[in-house]
Amino acid sequence: MSTVPRLPATPREFEEEARARLDPAHYDYFAGGAGDEVTLRANEAAFRRLALLPRVLRGAGEPRTEVALPGGRAGMPVLVAPTAFHRLADPEGERATARAAAANETIMMVSMAGTVGVEDVAAAAPEAVLWFQLYIQPDMPFTETVVRRAEAAGCAALVVTVDSPARGVRERELAHGFHDLPDGLCCENLRDGAAVRPIVMSPDIGWEHIDRLRRMTDLPIVLKGIMNPADVRPAIEHGAAALLVSNHGGRQLDTLPATLDMLPPVVAAADGAVPVLLDGGVRRGTDVVKALALGAAAVAVGRPVLWGLAAGGERGAARVLAMLRAEVREALALCGCASPADLDPSMVRRTC
Ligand SMILES: Cc1cc2nc3c(=O)[nH]c(=O)nc-3n(C[C@H](O)[C@H](O)[C@H](O)COP(=O)(O)O)c2cc1C
Ligand SMILES: CCCCC(=O)C(=O)O
């Protein structure tokens, strides 16, 4: 009789199980942040500082969790953030993640630094809604080649990461000497003929590149890595369809504020012109509900999915997403909400 291995039951246990299974260098690559990891810790701490204030006796009925976004509908307001190198966590890599996302009716943002090509990710989960994350390469003809591949694979949006004019310095990576993928793995979306190009994070990228991208494709463009409200107007003027408030999970510049703390001013600056999403430190359904109450249209999770993948492959990643979905439903119900639209800023309160 074959037995199915037991999966961890909480986000913390998933991380512990992943840590036990992963090569320590790979665990630290996934877990770590830039500098002293001030921002990495701040993201999660900001959610703990905020308390929920439910409403009562609203007769809201069973809550619905789906949300409509420029790149399609998601069955829950928790998307999969783009993270690199999934085959370090599981041999199936991004294929497994896409199936886990599809099983939970949510959207997967496929990293440009994926270890499975976007076509193969799409083929592995034909029902998955995929958004393609792009680092605009200064070689624009090559950027266009990558965009065409994402379009041909059926991706429904481009997520352009704008917080990386240079690569963040993560001391945990330096301590392990982690620079390259092991033999046999590479960034499949960077293939150029027989060669695989390195990803260039260029300080030369500017708004004119967003304009060129806008002219290149009809796909909605989500700008990922907006933190300063001063960037919101230009983003809208240059055609962004949505903004993703992100500090790259604390992996780029250290000592940025928590994303949750910048959400209200970014939402205010967007003034309803485009939906605003958030990632960074979302670990529980209550975290999701707090971000939605402060005006996020949806959130995304990075590391929790990697822990699921490392702890239990596709099943593990699917379980992490299913836990979040169940927790969001429960938190909405206990807040007296019929859907995310019933949340508002009066339902959260700062505790310190
Ligand atoms: C291991 C790892 C790899 C990442 N790779 C990418 C990437 O290739 N492109 C990108 O835009 N963001 C990348 N990110 C950032 C995530 O998209 C996201 O902003 C962040 O993980 C959210 O924080 P969380 O991990 O606390 O949920 C990566 C994050 C991690 C942890
Ligand atoms: C060149 C891969 C970049 C992945 C990334 O964005 C990260 O590790 O945070």
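Rules and cut-offs
Residues numbered from 1 in each chain as written. Chains lettered and ligands numbered in written order. Predicted model: local features only at pLDDT ≥ 70, side-chain atom pairs only at ≥ 80, totals over all residues. Helix = DSSP H or I, 4+ residues; strand = E, 2+ residues; numbered from the N terminus. Rg over C-alpha atoms; globule rule 2.2 N^0.38 Å. Buried ≥ 20, exposed ≤ 12 C-beta atoms within 10 Å, placed from the backbone. Contact = placed C-beta atoms within 7 Å. Near = placed C-beta within 6 Å. Nonpolar A, V, L, I, M, F, W, Y, C, P; charged D, E, K, R; others polar. UniProt positions renumbered as here; feature names shortened; annotations may be inferred. Pairing = 2+ DSSP bridges. Right-handed = clockwise from strand over helix to strand, strands pointing away. Axes fitted to C-alpha atoms, helices over the stretch in contact; angles between N-to-C directions. Parallel < 35°, antiparallel > 145°, perpendicular 65-115°, else oblique. Left-handed = near helix turned anticlockwise from the far one by under 90°.

Asks: Lay out the overall build of the protein in plain terms, naming residues and giving numbers.
Replies: Across its full length, the protein holds twelve helices and 14 strands. At 19 Å, the protein has a C-alpha radius of gyration in line with the 20 Å of a compact globule built from 352 residues. A buried classification covers 51% of the 352 residues belonging to the protein. For the protein, the proportion of contacts with a sequence separation of at least 24, taken over those separated by at least 6, is 74%.

Asks: Account for the site of ligand 2, naming residues and giving values.
Replies: Around ligand 2, the structure places Ala-84, Ala-113, Ile-199, His-248 and Arg-251. Per-class residue counts for the shell around ligand 2 are three nonpolar, one polar and one charged.

Asks: Quick one: what's the story with the UniProt feature "domain: FMN hydroxy acid dehydrogenase" (unreviewed entry) in the protein, residue by residue and with numbers?
Replies: Sites flagged by UniProt as "domain: FMN hydroxy acid dehydrogenase" (unreviewed entry) map to residues 3-352. Taken as a whole, residues 3-352 contains 39% helix and 15% strand, while its terminal C-alpha atoms sit 47 Å from one another.

Asks: Tell me about the pairing of strand 12 (residues 276-279), and name the residues and values.
Replies: Alternating residues of strand 12 divide into Val-276 and Leu-278 and Leu-277 and Asp-279, and every residue in both groups is buried. Here three bridges tie strand 11 (residues 242-245) to strand 12, and the two strands are oriented parallel to one another. Across the sheet, the residue bridging to Val-245 is Leu-278, located in strand 12. Regarding the hand of the β-α-β motif, the stretch spanning strand 11, helix 10 (residues 259-270) and strand 12 is right-handed. Strand direction decides the pairing type here: strand 12 and strand 13 (residues 298-301), joined by three bridges, are parallel. Considered in strand 13, the bridge of Leu-277 is made with Ala-298. Between strand 12 and its parallel partner strand 13, the chain crosses via helix 11 (residues 285-293), and the hand of that crossover is right-handed.

Asks: Lay out the packing of helix 4 (residues 94-103) against helix 12 (residues 303-334) in plain terms, naming residues and giving numbers.
Replies: At a closest axis distance of 7 Å, the pairing of helix 4 and helix 12 adopts a crossing angle of 25°. In terms of axis orientation, helix 4 runs roughly parallel to helix 12. Here helix 4 and helix 12 pass one another in a crossing that is left-handed. Residues Ala-96, Thr-97, Arg-99, Ala-100, Ala-101 and Ala-103 of helix 4 touch helix 12, and the partners they reach there are Val-305, Leu-309, Gly-313, Glu-314, Ala-317, Ala-318 and Leu-321. Of the residues that constitute the contact of helix 4 with helix 12, the class distribution is nine nonpolar, two polar and two charged.

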